[in-house]
Amino acid sequence: MATSTAVALPTVPPPAEQPELSMEEKSNWFTYMMMTYLDPIFAVGYQRTLELEDLGGVPKNNRADVLHAKFMKSYEKQKHLPINKRSLWHALWLTVGYWRVTLAMIFFGFSAALQLGPVMVLNRMVKHFQGSSPLNKGQLWILVALLFVFPILSSIFLAHSNAIMANIGAQVRNTLIDIIYRKALTISSAKRQAISTGRIITMFSDDTNQIRNFLFFMNNAVLAPFQIGACLYLIYQQVGAAVFVGLGYSVFVTPVTGVIFAWVFAMRRKKMVKTDGRVKLMNEVLNGIRIIKYYAWENAFVKKIGAVRKEEVHLLKTMGYLFNIPFALLLLGAPQIQTVLIFLTYIGTGNDLDSATAFTTLTLFGIMTSPFIFLPFGLQQYSQSLVSMRRILEYLDSEDITPYIERVSDLKDQNGANLAIKFDAVNLAWVPELTPEEKAAAEKAAEEEAKKNQKKKDYKALPAAEGKADEEAGKDAEQVGPNRAIDTLTNLSLEIRQGELVGVVGTVGSGKSSVLSALLGEMHLKSGHVYLRDGLSIAYCDQRPWIVNATVRDNILFGREYDEVRFNRAIHVAAMDDDLKILAGGVMTEIGERGINLSGGQKARVCLARAVYNDADIYLLDDPLSAVDAHVGEHIFRKCIKEALSSKTVILVTHHLHVLPQCDRIVILDDNGNILTSGSFDEIMNSGIDVERFLHAPKKEAEAEEEEEGDKTVDEAVAESGEAVVTEGEEASSAVAAAEPRNSARADSHRSRHRTLSSGKKDRDAAADAKLTKDGKLMSKEERNDGEVPWETYWSYISFGGKWAFLFTLLGQVSCQVLQVEANFWLSDWGKETSNINYSKGQEMSKQRSFHWFNGYAGMLMASVFFLTVSRMMLTYHRTEASAKFHDTVLRRVLFFPVSFFDITPIGRIINRFSQDMATIDEDLAQTMSQVISMIGSVAGSIGAIAGSTKGTFLILMVPLSFLYRIFNVYFRKTNTAIARLEAVSRSPIYADFSQTLSGTITIRAYGQSDRFIEKLEGYANTNTVPGVLQQVASQWLAIRLDFLGAIVMFFMGALTVSSDSVNFIPAGYLGLGLSYAIQMTSLLKMMVRVTATMEAQFNAVERIRHYAQNIEVEAETPYQRQIEDKKTATIGDADGGVASAGDIEMQLVEDHSVIIPPADWPQHGVVDFVDVKMRYRTGPLVLKGVNFHVNQYDKVGIAGRTGCGKSSLMVALFRIEELVGGKILIDGLDISRIPLPLLRAKLCIIPQDPVMFSASVRFNLDPFDEFSDEAVWEVLENVNMKDHVLSLPNKLEELNGQFKGLWERHVAEGGKTGIEN
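Now for a description of the structure that goes with this document.

Parameters at a glance
- Residues numbered from 1 in each chain as written.
- Predicted model: local features only at pLDDT ≥ 70, side-chain atom pairs only at ≥ 80, totals over all residues.
- Heavy atoms only, no water.
- Patch = residues over 30% accessible without salt bridge, like charges linked within 9 Å, V, L, I, M, F, W, Y side chains within 5 Å.
- Areas by Shrake-Rupley, 256 points an atom, 1.4 Å probe, with all protein chains shown as cover.
- Salt bridge = Lys/Arg side-chain N within 4 Å of Asp/Glu carboxyl O.
- Helix = DSSP H or I, 4+ residues; strand = E, 2+ residues; numbered from the N terminus.
- Buried < 20%, exposed > 50% of the residue type's maximum accessible area, 1.4 Å probe, protein only.
- Pairing = 2+ DSSP bridges.
- Phe/Tyr/Trp six-rings, centres within 6.5 Å; stacked < 30°, edge-to-face > 60°.
- Core = buried A, V, L, I, M, F, W, Y, C linked by side-chain atoms within 4.5 Å.
- Contact = heavy atoms within 4.5 Å.
- Axes fitted to C-alpha atoms, helices over the stretch in contact; angles between N-to-C directions.
- Parallel < 35°, antiparallel > 145°, perpendicular 65-115°, else oblique.
- Nonpolar A, V, L, I, M, F, W, Y, C, P; charged D, E, K, R; others polar.

## Some words on a nonpolar patch on the surface
Okay, so step 1: A contiguous nonpolar surface patch, about 650 Å² in accessible area, is contributed by W804, L807, F808, L810, L811, V814 and V818.
Okay, so step 2: Turning to its location among the elements, W804 is positioned in helix α32 (residues 803–840).
Okay, so step 3: Relative accessible area serves as the criterion here: at 62%, W804 is assigned to the exposed category.

Right under this line is the structure:
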């Protein structure tokens, strides 16, 4: 029989519309050269707030889809090489074009060469005016004209070099995020478990941006040695052999900086590991926020994330000191130190220093400052990009899913009947078995990690009865049962006919869900064959329904074209008709991220409707009836599975006994993943096999065992503790509890919490007040401020870092600039005296006099280097303090936001704050602020020096120049800030979509929808590219215009000197001083505006974090919270320990009747009263409408009702996830609305409808804060029938939760949480 490897049948996306041309593509040669094609954007940005539509389209060369095809063509040629021989850079350069990189470098080289032109003009003019080399008037005026031409040409070349690199940076970043996203859709399950979500998200965000940042500095870093070399050669022309002293300093500094950067490189790698861990943990927390709320774990997770952040900040501080102190001493101070060394050597060898020599040398050193600054920055960015490249390359090299399903055109059984599926002696695993070398490496790494951590508890410990023997006995005990990770399904042989309905049952962990995963090609095939009839398509319903943040209709269509008849049929058979009547927008209702505004049953039915609408040939249904009511389940089984899918092949994993007789065949799996038996219901019943034993919740048997062993059930535990245990959902487990008493520290955790909350009433966030509108919209639009960044944002950053630290940073920079300007005036006077002695009197200056001038000059320069070093030290301290406090503040706020906020806010948007925005504050913002302070001081010093050298006449020109500068500055900054905000806002959907996709890769692959999701991500990336590139190109637009102002200053200085030559209005020394600073003004003006604009754009990150930290109300921000902060609390309870009466409570309340602190042993009885309870979600309609009922002590109450009637809402009200709008709930007579939330929730337990397990060890998921002993944990696992399963795992309690594949296993694990909580 002919076979072929199975490939999911893709959905062909509709043809894309013709993309809009970018602003650059619409320009002609002149508007392109002068960048005037950006003028309309600046005009619009000045008049009103910019929108994305105003920025034009995406250039074709920047589109992610175009770039990916080019990249794969070059990268595929390297895939046969070992990973250490591959070059991701080479593949990227081929993608963007080596010629474009070369062109950018050529333009940069032309610009750098033209920057030296004004220096040569300065030298010639000063020599003329000091009398050493006379020129005629015509020659002088030509030199004056060149002072105007050189800077403008240099600026145009530099602007286009930077614009090219900005586009290349965007292309590289788009390429990288595209290949990372695509890899996430193809990586194998085993490798996906090995690589944390945090690491993938960090690669997707931080690493791609690190590489893009390097590209912006690359030209400066690569050509910096040539610039420095050219300057040193010209300095040699001035001072001769003395230049080699300066060169010797450079030779000395180079290896030292190399060692420093190697240390920083190592620190960077360590920091990235910590960042990965923090982002991963934060992502887990946000995904499991409801569980954290239910268990009152907020403070503990704040502490846990804070511990990781503390290590990260320590590395950040170490990196800062390690980099900034040598950076200030050796590199930023290099021009000053080299000038001192060269001048010392020059005068020490018997030479006199005149104005031409001094200021030409000084100006050349000034030009060298830029490459000296950018060289270490470039090296730093390069080292960081190498780390990022390595991480991405390792990720790309990870094993993909290996296709093993064989498509067969003629698949039949022995009787000639057509088969749809055939398993032939198949052995399948989730994790491939390690080779001996891999085992040895893993054991060695585990030993090293164990020695490093020196944990007090052995998380691999066995139960006390089995693990307390000697070491050998312990080793034997660890071999209990097979390793289900590598022996998931064993010797599986099964034939399924076309059109057959097959029920799959088995005990917890037997591998039922794995059978379906095997048919999807998600597992590792060890041996055997899996056949699938060619041409048959598959639809899949996961037991954990994956819902996309889109409308109900879009979730059902899932990329298919709309067919009304088929759509309505899918809605009906999935029993969704009544639900759509309730939803405000009907089928156009927007579903929140993770289906947050739907019940568990509704999510399951949306996924079932998606499968039905898909009209596939084979249906893989993983327990779709478990999350719905009995009558709804009956409707689904009869109308959907038996009627609508009657002609389809259906494999139904189920725990429902009553549906098995209606299946054509039943397959029973044993505990080891083998087929125990298969056949019709009658055949199996006649065989004597007890089918009920293989269905979940063997309650009677479990209880009997518990009674024999003397264990306590939940009922008994509650009776003793008085705590309430709530199970949510139609089928919740009967979890049992026999754990140590709750740590009282948690009950007191509310005190630390309240210290973190704001007592003032802030403006509510639009997201917090958003409601499900009439058209069904749910998700809030991300906030975006208009206008300039407010002063309060700057002040918050200054305050968080420490006002005194910032003041000393500022004073250090100011002192440095003042000393440098004063030193240059001193040098001017020195040159003036030398000229008078040498050229007027024809004599030589004495060495004593020369050293008098030198000592003063050197002293001021060395003092400036000292103050610069102090400034950098204080800057590092301020930065780390601000970073730590911002993260701590926003973390404490976010975890206490109400659940309604998370319902309408994509996780990617929040993660963006904790990844990209925090990275900006951690690493970029402080450096930019330092540059702004330095630039302001330099510009002020330059203006003062030029004004002094022209005897005040320059101040006349300053009036119109200041006016033009102000226009350019305001014009630019307003638009630039708006573009920066658009870039940040358009970036969030990329992360939100990526985070969403990571949790739904199996469903995406099952439906063959990878291409559609890739296209969606590429669309987001392309949209974000426009403001991202435009933000950098806009800076070049500004640079050309500000360089024009700088050229005017130079022209004015030269023209004034030449025109007043007859009266010697400006002496040669002052001409050298003035022109030296005028040349600096050319770069200083644009640098100041650019770094100011960059700083304002980066402060958008602070603005966005402050928005979360200040402008959104935390959960239950009510009078009780403010009263606790004022320490106005009261403890309520009678002396006998009984339930206090209503009268007693009122008598003991504080004056404003706002808060109750219950006794430590509350609730003693667990009496619950709902009194006229009314509740709504956000500002929607009432979902609980005057509910009244009473629950007596020790009662076990079942709550029944149709889907959407409010069963889960009762739990929401009880845990105060939403506050009541009317009525009250009493527990043992206390109104729970007056009890602080941490105290209330700490006294309640719940098994939620949607189980959540963190990507961590089994032990962490049961006891995340190490409050209980190993014996207690094992006892709870035994009580929920999970002990044997965990014993079968290689690492026992330390095994990652990836081995919990089944939803029922997760439910049982949740029951274990409840058990240990009790």
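## Topic: the sheet that holds strand β14 (residues 1182–1191)
Okay, so step 1: Read across the open sheet, the four strands follow the order β14-β13-β15-β16; overall the sheet is antiparallel. If you trace the sheet from one side to the other, it starts and ends with β14 and β16 (1230–1231), each paired once.
Okay, so step 2: Looking at chain direction, strand β13 (residues 1168–1176) and strand β15 (residues 1222–1227) are connected through five bridges and run antiparallel. What sits directly across from D1169, in β15, is L1226.

## Details of the packing of aromatic side chains
Okay, so step 1: For the structure on display, the rule yields 43 aromatic pairs.
Okay, so step 2: Note on W89 and W93: the rings are 5.2 Å apart at their centroids and 20° apart in plane angle, and the pair reads as stacked. Of this pair, W89 and W93 are both found in helix α5 (residues 88–96), four residues apart, which corresponds to roughly one turn of the helix.
Okay, so step 3: The class of W89 is buried, set by a relative accessible area of 13%.
Okay, so step 4: Its relative accessible area of 12% is what places W93 among the buried residues.
Okay, so step 5: With centroids separated by 6.2 Å and ring planes inclined at 75°, the aromatic side chains of F148 and F1051 adopt a geometry described as edge-to-face. Of this pair, F148 sits in helix α8 (residues 137–184) while F1051 is found in helix α38 (residues 1010–1059), placing the two residues 903 residues apart along the sequence.

## Some remarks on the nonpolar core
Okay, so step 1: Counting residues in each nonpolar core, the largest one holds 310 residues, and the members touching the most others are L88, M125, F423, Y797 and V894.
Okay, so step 2: Filtering out sequence-adjacent residues up to four positions away, M125 remains in contact with L143, V144, L147, G1054, V1058, L1071 and L1075.
Okay, so step 3: Counting residues in each nonpolar core, the second largest holds 28 residues, with V899, I1156, W1162 and L1244 among its members.

## Section: the packing of helix α23 (residues 600–614) against helix α24 (residues 630–644)
Okay, so step 1: Look at α23 against α24: their axes get within 13 Å of each other, and the N-to-C directions meet at 5°. It follows that α23 is roughly parallel to α24 by the angle criterion. Of α24, the residues touching α23 (which contributes R605, L608 and V612) are V632, I636 and C640.
Okay, so step 2: For the contact of α23 with α24, the per-class residue count stands at five nonpolar, no polar and one charged.

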